[in-house]
Amino acid sequence: MLSAKETYRQFCDTSSRPLIFQTPLWLDAVAGDENWNVILSFKGTLLVGAMPYVTNSKLGLKQITLPFLTPYLGPIIIYPTDLKKDNYHSHDRKVTSDLVAQIPKTDRFITQTDFEYMYWSPFAWAGYSQTTRYSYLLDTSKTEEELLKGFKPNIKKHIRNSGATYAVIAANEIDPVFNLHQNDLKNKGIELLFTQNQFARLDQTVSTSGKRIILHAIDDSGNIVCAFYLVFDHQYMHYLVGAVTDDARNSGVMSLLMWEAIKESKKRGLTFNFEGSMNKNIDRFFSSFGGTLSPYMQISKTGNKWLKQFTRFNH
């Protein structure tokens, strides 16, 4: 008999439903095989639900949390091919309730759903909380001209002007992305949530699978002024990490590189996922490319009474 993880690995190998962040390939890279597991729900022998999760300990407290650079985990609801549309809601309720009942007891729990998961009530009934977050999803099946028409005028101007100044190339070096991102967060007084070694390990895994793209914008002197790290799966091209030098911050080069990333998504027939942000300025920037505002959920629960008194405790 297969273990839950073996069953889930087989499911991910044969289904286009899981996002790259939900696959064993990704979880092995960001958490290690020994630090993640999965809860499964069955209807008879048919797999109808899954919830991968990552465990760790901090200050002696056991947590189920999101690993670094992992915006979505679960639950994943699987609909049998013979399920009638009228029964989708009851299916969601039964499967989610079954998954929630199997969550291990921890001091703290947090997950974030993908865009297809809509019904979180069984979590609420079990004492969990939910916060709605947003991304923007861009349908890239349109022509390039139609896509550009959906951009705000300032974005089109930035693309036009910076395109005359900077060259955009596909690259394999991850250090420029990491260094620019690290410097950007340091200047903002924000803690970097992953190390260079962790990023390198993730890239080694994802690049071997052919599921990542790195873009660099280069000035006339050959300096890298902006860099993006993108990953993709069957459905989406995900903007994961991007940063720009202070000197080029107001040059419009971020818009140029985003446009190139969108075109890479279009080449592969994928929806572009801007990943979203609760930062006001970043949200305004992402919303300028004509994407559709798309909600997803952060679901959490604190089981430790001491932790409830310290809301600044971070995963």
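Residues numbered from 1 in each chain as written. Predicted model: local features only at pLDDT ≥ 70, side-chain atom pairs only at ≥ 80, totals over all residues. Heavy atoms only, no water.

Trainee: How should the pairing of strand 5 (residues 108–112) be read in this particular structure?
Mentor: Along a regular strand, successive side chains alternate from one face of the sheet to the other. Judged by how many residues are buried, strand 5 sits mostly within the fold: 5 of 5 residues are covered. Judged by which residues are buried, strand 5 turns out to be covered on both faces: R108, I110 and Q112 on one side and F109 and T111 on the other are all buried. Across 2 bridges, the pairing between strand 3 (residues 61–65) and strand 5 is parallel. If you follow I64 over to strand 5, its bridge partner there is F109. By the bridge criterion, 5 bridges tie strand 5 to strand 12 (residues 292–302) in an arrangement that is antiparallel. Paired with R108 across the two strands is T302, which belongs to strand 12. (Buried < 20%, exposed > 50% of the residue type's maximum accessible area, 1.4 Å probe, protein only. Helix = DSSP H or I, 4+ residues; strand = E, 2+ residues; numbered from the N terminus. Pairing = 2+ DSSP bridges.)

Trainee: Looking at this model, I keep getting lost on the packing of helix 6 (residues 153–163) against helix 9 (residues 253–267). Mind explaining?
Mentor: Axes are the key here: two packed helices are described by the angle between their axes and the distance separating the axes. At a closest axis distance of 7 Å, the pairing of helix 6 and helix 9 adopts a crossing angle of 95°. In terms of orientation, helix 6 and helix 9 fall into the roughly perpendicular class. Where helix 6 abuts helix 9, its residues I155, H158, I159, S162 and G163 lie against V253, S255, L256 and W259. Classifying every residue of the contact of helix 6 with helix 9 by side-chain character gives 5 nonpolar, 4 polar and no charged. (Axes fitted to C-alpha atoms, helices over the stretch in contact; angles between N-to-C directions. Parallel < 35°, antiparallel > 145°, perpendicular 65-115°, else oblique. Contact = heavy atoms within 4.5 Å. Nonpolar A, V, L, I, M, F, W, Y, C, P; charged D, E, K, R; others polar.)

Trainee: Would you mind going over unusual backbone geometry with me for this structure?
Mentor: A negative phi holds for most residues other than glycine; trans holds for most peptide bonds. G74 connects to P75 through a cis peptide bond whose omega is 10°. For P75, the location among the structural elements is in the loop between strand 3 and strand 4 (76–77). The backbone of L69 sits at a positive phi, close to 55°, despite the residue not being glycine. Judged by its relative accessible area of 17%, L69 is buried. Of note in this structure, E275 is not a glycine but carries a positive phi near 75°. With respect to the helices and strands, the residue E275 is situated in the loop between strand 11 (271–273) and helix 10 (280–286). Classification of E275 by relative accessible area gives buried; the value is 9%.

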